[in-house]
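For reference, the chains in residue letters:
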There are 2 protein chains.
Amino acid sequence: MTMNRRILLAKRPVGLATRDDFSADEQAIPELQDGEALLKTLYIGIDPTIRTWLSTAKSYLPPVRIGEVVRSAGVGRVVDSKSDRFKAGDLVTHLVGWQEYSMLHDDSFATVFPGSMNPRHTLGVLGSTGVAAYAGLVYVGRPREGETVVVSAAAGATGSVAGQLAKIKGCRAVGIAGSDEKCRHVIENLGFDACINYKDDGFREALKEACPKRVDIYFDNVGGWILNEVLGRLNTGARIALCGAISVYNAEKKPPGPSNYLNLITVRGRMEGFNGMDHWGKHSEISAELARYMEDGRLKNYETVVDGLDEAWRSVNMLFTGENLGKLLVKVAES
Amino acid sequence: MTMNRRILLAKRPVGLATRDDFSADEQAIPELQDGEALLKTLYIGIDPTIRTWLSTAKSYLPPVRIGEVVRSAGVGRVVDSKSDRFKAGDLVTHLVGWQEYSMLHDDSFATVFPGSMNPRHTLGVLGSTGVAAYAGLVYVGRPREGETVVVSAAAGATGSVAGQLAKIKGCRAVGIAGSDEKCRHVIENLGFDACINYKDDGFREALKEACPKRVDIYFDNVGGWILNEVLGRLNTGARIALCGAISVYNAEKKPPGPSNYLNLITVRGRMEGFNGMDHWGKHSEISAELARYMEDGRLKNYETVVDGLDEAWRSVNMLFTGENLGKLLVKVAES
């Protein structure tokens, strides 16, 4: 009998997560019923949104309950099937959770990828990360050639794709990141025109210098005081695509909002929240376009892979301490 | 020789304006040159934006300089003309300023109205106020039948038109105002479905009760904590049309921004600043539509008229102390 190792939420983290916030167990996998398939987890995607699900904050999905398997997107391979939809050998992404196996049903919200594909890409650049970056930059931001696009968390999974897309669409791409090393990566490897280390003094001056024609689009992953500074540097008709606000997800008390929002009136600007999953219906065409850019070398993909399900909780913290480049994944099984 | 009495900015007000912040003089009116016309001021429109021009805050127009005539929209009658565009007897709106006479040039940014029209309407419901209300509600808000529209400063010039338009477009209209008397006016005379006195305790509960299906559109004239509360009550896909932020125009230090802006991500909402003047090109069709609603009784017009140019400074304060119902005007001359 195959056992399924699972990581459960034991208590809600305060600030950064600790090992004590989680527990583990093993459960026997029940026999498949008609219309079901068994998915063996290969990789778990570690996204900032997981941190919000561990709290009681309002999100687009309810909080994970105490004693429940931690919710995460992930990719696995179908190892057994009584389903017409999922075939043995298929790569499938869905909310696999922090566990070695998950059950698929014919009506699951899941996506089947070709079995030959790089499984990490199904979570990253050719999966939900790519769709989020594309939807935020293209659908919300509506870039026009020659405009200036600023991207925060520019070395991260979504930001790195959004900024490279801005270049591909003919814009000036300016990144914001948390170390000189990341800024070098953003400029040298990802091809941004400039990148600001927000931990340095003089952010306002640096932003002014990097955006001499002001900011037309801001793709925001971090919120907080950086959003406020960018709001103070907008061009007429600017658009802000709100993807997330990682700077506040660990905060127990909500920090003050951006007082410069008033500038939206002065410049007739638009600040709009979005969720990549709302655009999942366009996944095929978006990922086909992104795959072309990868093939012709204009879109580089970077990943940080952590080994082992038991390290998942620690990897969530890496998002907040800034240790990852590109998509952060936990490898659960080789194949 | 006709003399022109003018009110000049003597120093920048701190908080509410005082008489000492202004000075007055009289100037001889120069002889008309070809392409010029002389406009005798009938009414000055008192809008919150004037308060921003008296400060050094960034706005869509530069601050009024010390010693300069205070900038204001207004309407006058052409009393003398060497222009092909402006004829004696025409009603004309432009930035007349706080003075008895102003000069028009063939290339002035000015609008000619039929001489028989009610001059007060050219500044209010059938002028820039109507265009601002229409642009914010219809172009930015994009109302759909059955949606809930919340309007702050609902008894004011722009808010009262925006809320009535929401009703006309088939929405539930909920006002926010600063006294029980105003709330009664908003419901009984303007036909809103509900109105909340924001000075009462329990605003959050009152908003919940007035908006059982949450908020689809917020037409915001005030900013501050009320904007933050409404951000916490948005429906999926909500739109916020930022028209102004009268709650902060008198503030010397910018108050914190709305921490609930994060909710824009959760509900995939849009917050967009606009300026009615950007839509002045559609003035004819917008005012024709609004005039039809006035004729069939669905759009009521209210005004507060203060007598005399020397009272203009005091009337600006009335916007902030909440003493006006509808469009606030200073009458400078009868005809």
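Residues numbered from 1 in each chain as written. Chains lettered and ligands numbered in written order. Predicted model: local features only at pLDDT ≥ 70, side-chain atom pairs only at ≥ 80, totals over all residues.

Section: the overall build of chain A
- Within chain A, the regular secondary structure consists of ten helices and 15 strands.
- At 20 Å, chain A has a C-alpha radius of gyration in line with the 20 Å of a compact globule built from 335 residues. (Helix = DSSP H or I, 4+ residues; strand = E, 2+ residues; numbered from the N terminus. Rg over C-alpha atoms; globule rule 2.2 N^0.38 Å.)

A short note on the interface of chain B and chain A
- With 30 residues of chain B at the contact, the number on the chain A side is 30 residues.
- Of all the secondary-structure elements, those providing two or more residues to the side of chain B that touches chain A are α8 (263–267) and β13 (270–273) of chain B.
- Here the side of chain B that touches chain A is built from residues that sort into 13 nonpolar, eleven polar and six charged.
- Sheet topology note: the strand β13 (residues 270–273) of chain A/β13 of chain B ladder contains three bridges and is antiparallel. Looking across to β13 of chain B, one finds that E272 of chain A is bridged to R270 of chain B. (Contact = placed C-beta atoms within 7 Å. Nonpolar A, V, L, I, M, F, W, Y, C, P; charged D, E, K, R; others polar. Pairing = 2+ DSSP bridges.)

A look at the domain arrangement of chain A
Residues and elements named next belong to chain A.
- In terms of domains, chain A is made up of domain 1 (3–123 + 302–331) and domain 2 (128–277).
- Contributing elements (two or more residues each) for the side of domain 1 that touches domain 2: α1 (49–54), α10 (312–321) and β15 (327–331).
- Taken together, the residues of the side of domain 1 that touches domain 2 break down into eleven nonpolar, five polar and two charged. (Domains from an automatic or database assignment.)

Regarding the environment of G141 of chain A
Residue and element names in this part refer to chain A.
- Take G141: it is sitting in the loop between α3 (128–140) and β8 (148–152).
- On the basis of neighbour count, G141 is assigned to the buried category, with 27 C-beta atoms found within 10 Å.
- Along the backbone, G141 and A333 are 192 residues apart, and their C-alpha atoms lie at a distance of 38 Å. (Buried ≥ 20, exposed ≤ 12 C-beta atoms within 10 Å, placed from the backbone.)

Digging into helix α3 (residues 128–140) of chain B
- Most of α3 of chain B sits inside the fold, with eleven of its 13 residues counted as buried.
- R142 of chain B lies just past α3 of chain B and shows a positive phi near 45°.

Focus: the relation of the copies chain B and chain A
- Between chain B and chain A, the superposition needs a rotation of 180° and an axial shift of 0.1 Å, giving an RMSD of 0.0 Å. On the angle and the small slide along the axis, the relation comes out as a two-fold axis. Ranked by how close their C-alpha atoms come to the rotation axis, the residues of chain B are headed by G257 of chain B, at 2.0 Å.
- The fraction of interface residues of chain B whose copies in chain A are also interface residues reaches 100%, indicating that both copies meet through the same surface. (Least-squares fit on C-alpha atoms with pLDDT ≥ 70 in both.)

Some thoughts on helix α5 (residues 180–188) of chain B
Residues and elements named next belong to chain B.
- Considered for burial, the residues of α5 that qualify are K182, C183, H185 and V186. Down the axis of α5, the buried set is contained in an arc of 160°. They therefore lie on one face. Across α5 from its buried face, at more than 90 degrees, point the exposed residues D180, E181 and E188.
- Where α5 is buried, its residues touch β9 (172–177) and β10 (194–197). (Arc of directions from axis to C-beta.)

Remarks on the pairing of strand β12 (residues 234–242) of chain B
All names here are of chain B.
- Strand direction decides the pairing type here: strand β11 (residues 215–220) and β12, joined by five bridges, are parallel. Opposite D220, over in β12, you have L242 as the bridge partner.
- One crossover worth recording links β11 to the parallel β12 by way of helix α7 (residues 224–231), and it is right-handed.
- One ladder, built from four bridges, connects β12 with β13; its direction is parallel. What sits directly across from R239, in β13, is R270. (Right-handed = clockwise from strand over helix to strand, strands pointing away.)

Observations concerning the packing of α3 of chain B against helix α4 (residues 157–168) of chain B
Residue and element names in this part refer to chain B.
- Between α3 and α4, the least distance of the axes is 8 Å, while the angle of their chain directions is 50°. With respect to α4, the axis of α3 lies oblique. Judged by the sense of rotation from one axis to the other, the crossing of α3 with α4 is right-handed. Facing α3, whose interface residues are T129, G130, A132, A133, Y134, G136 and L137, α4 presents A157, T158, V161, A162, L165 and A166.
- Per-class residue counts for the contact of α3 with α4 are nine nonpolar, four polar and no charged. (Axes fitted to C-alpha atoms, helices over the stretch in contact; angles between N-to-C directions. Parallel < 35°, antiparallel > 145°, perpendicular 65-115°, else oblique. Left-handed = near helix turned anticlockwise from the far one by under 90°.)

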